[in-house]
Amino acid sequence: MVIIVLFFGVLAGLLACAVGCESKGVRLGFGIGAFAWACLIFVVAGIAESFEQNLWYGVSAKGLLDESVKALESGKRAEVRAAWKRMSADLEVTYEHRSNFREVADRAVKEMRKVGDSGRAD
């Protein structure tokens, strides 16, 4: 929240200076500065979104892999295969929005944990 207030506070300051200055050249300079600052905010927001996506993807993938290995080592090969097939069928890959990998992977992990906790043997 502090970062957002800081970014938009600087933008508001630049705009205020652009409006309040007497000299046309100084107004133009502050206006260009405000535009450049707004572009910087946009780029930083995109980078932050990318970091967030990388984080949730990595956490979900690690959990899926760890639980799959644990289930395979416990002899639950059929259950792992079934969970992965369901995951493959349910996965929506699209360029229009972020895929549903996180939800599908988390559901598969829960399914494998449930099988592992039940104590069933093949």
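Refer to the structure presented above.
Right, let's walk through the structure included here. From a predicted model like this one, the values you see are computed outputs, not experimental measurements. (Residues numbered from 1 in each chain as written. Predicted model: local features only at pLDDT ≥ 70, side-chain atom pairs only at ≥ 80, totals over all residues. Heavy atoms only, no water.)

This part is about the packing of aromatic side chains. A complete count under the given rule lists three aromatic pairs for this structure. Relative to phenylalanine 101, the ring of tyrosine 57 lies with its centre 4.7 Å away and its plane at 35 degrees, an arrangement referred to as tilted. Here tyrosine 57, found in helix α2 (residues 24-73), pairs with phenylalanine 101, found in helix α4 (residues 101-118); they are 44 residues apart in sequence, far enough to count as distant. A relative accessible area of 45% places tyrosine 57 in the partly exposed class. Chaining the aromatic ring pairs together yields one cluster made of Trp56, Tyr57 and Phe101. (Phe/Tyr/Trp six-rings, centres within 6.5 Å; stacked < 30°, edge-to-face > 60°. Helix = DSSP H or I, 4+ residues; strand = E, 2+ residues; numbered from the N terminus. Buried < 20%, exposed > 50% of the residue type's maximum accessible area, 1.4 Å probe, protein only.)

Next up on the list: the pattern of salt bridges. Pairing between side chains of opposite charge can happen when their charged atoms approach one another. Across all of its chains, the model carries five salt bridges by this definition. Among the salt bridges present, the one from lysine 62 reaches aspartate 66, with a minimum N-O distance of 2.8 Å. Remark: aspartate 66 and lysine 62 occur in helix α2; sequence separation between them is four residues, near one turn of the helix. Judged by relative accessible area, which is 40%, aspartate 66 ranks as partly exposed. For arginine 113, the salt bridge goes to glutamate 67, with nearest N and O atoms at 3.1 Å. Here the residue arginine 113 occupies a position in helix α4, and glutamate 67 occupies one in helix α2, the gap between them amounting to 46 residues. In this structure glutamate 67 comes out as buried when scored by relative accessible area, which is 7%. (Salt bridge = Lys/Arg side-chain N within 4 Å of Asp/Glu carboxyl O.)

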